[in-house]
Amino acid sequence: VAILSLESDFKIVGEAGDGVAACEQYEKLRPNVLILDLRMPEMDGFEVVQKLLTSDASARILIMTTYDTDEDIWRCLKAGAKGYLLKDASHSEIVTAVRTVASGESFTSSALIAKVARRASAPELTKRERDVLNYLAVGMTNKEIAIEMGIGAGTVKTHLRTLFKKLEVSTRSEAINTAIQRGLIRLE
């Protein structure tokens, strides 16, 4: 807000402290560009992107956050956000990003383009593989995962083999570390 307020052609029309309020403010004010953080109370930025673009496909949303994992960037852009920028961006990059998104074009920080390209070429994980990965992250054994998911232990092993191949790892700990680095899982 402080940076954008310095620009004579920008007008800040509203602010919100959480995702639900951001949706309400957007519906009420219909700004040219909505700037969102990813981590917000009530509803995170990704959920806000999904909700707003479902009700208004023309919404121009710029994500501005500290989270730079491949998966965070990919999910938001794939869901329809027009831009992704890190909070440590320079004054000129922030202004350029807002102007670019306001004009209907996409903007991704040059520092993040390689991450977007890497994620775009990575194989998608299935829902089951993501579930297995989440259970791995909390320390469950194959048997515990099988019971939790209602599948056989052999099926868990099959999911693990496929998961390891997609993540290009060979151990459970490598899979967890890689998944955390890429933003596929979050440990609270």
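Rules used in this analysis
- Residues numbered from 1 in each chain as written.
- Predicted model: local features only at pLDDT ≥ 70, side-chain atom pairs only at ≥ 80, totals over all residues.
- Heavy atoms only, no water.
- Helix = DSSP H or I, 4+ residues; strand = E, 2+ residues; numbered from the N terminus.
- Polar contact = N/O pair within 3.5 Å; in protein donor to acceptor, adjacent residues only side chain to side chain.
- Contact = heavy atoms within 4.5 Å.
- Pairing = 2+ DSSP bridges.
- Axes fitted to C-alpha atoms, helices over the stretch in contact; angles between N-to-C directions.
- Parallel < 35°, antiparallel > 145°, perpendicular 65-115°, else oblique.
- Left-handed = near helix turned anticlockwise from the far one by under 90°.
- Nonpolar A, V, L, I, M, F, W, Y, C, P; charged D, E, K, R; others polar.
- Salt bridge = Lys/Arg side-chain N within 4 Å of Asp/Glu carboxyl O.
- Buried < 20%, exposed > 50% of the residue type's maximum accessible area, 1.4 Å probe, protein only.

Undergrad: How would you summarise the side chain of Thr100 if you had to cite specific residues and measurements?
TA: Tracing the chain through its elements places Thr100 in helix α5 (residues 91-102). At 2.7 Å, the side chain of Thr100 and the backbone oxygen of Thr96 are in polar contact. In this structure Thr100 touches Glu105, Ser106 and Phe107, once residues within four positions along its chain are discounted.

Undergrad: Please set out the sheet that holds strand β2 (residues 61-65) residue by residue, giving values where relevant.
TA: Spatial ordering of the open sheet is given by β1-β2-β3-β4, a layout of four strands whose pairing is parallel. Among the strands making up the open sheet, the edge pair consists of β1 (34-36) and β4 (107-108). With three bridges joining them, β1 and β2 adopt parallel strand pairing. From the neighbouring strand, Leu34 faces β2, where its bridge partner is Ile61. Where helix α3 (residues 45-55) meets the sheet, it contacts β1 and β2, and its direction lies at approximately 155° from that of β1.

Undergrad: Any chance you could break down the packing of helix α7 (residues 127-137) against helix α8 (residues 142-149) for me, citing the residues and the numbers?
TA: Interhelical geometry of α7 versus α8 gives an angle of 130° and a closest axis separation of 10 Å. Between α7 and α8, the angle falls in the class oblique. Two packed elements cross with a definite hand, and for α7 against α8 that hand is right-handed. Facing Arg128, Asp131, Val132, Tyr135 and Leu136 of α7, the residues of α8 in contact are Ile145, Glu148 and Met149. Here the contact of α7 with α8 is composed, by residue class, of five nonpolar, no polar and three charged.

Undergrad: Mind laying out the pattern of salt bridges, listing which residues take part and the relevant values?
TA: Summed over all chains, the structure comprises nine salt bridges. As a salt-bridge pair, Glu27 and Arg30 come within 2.7 Å of each other at their nearest N and O atoms. On the basis of relative accessibility, which here comes to 36%, the residue Glu27 falls in the partly exposed class. The exposure class assigned to Arg30 is partly exposed, which follows from its relative accessible area of 40%. Here the salt bridges share partners, and the residues they tie into one network are Glu7, Asp9 and Arg99.

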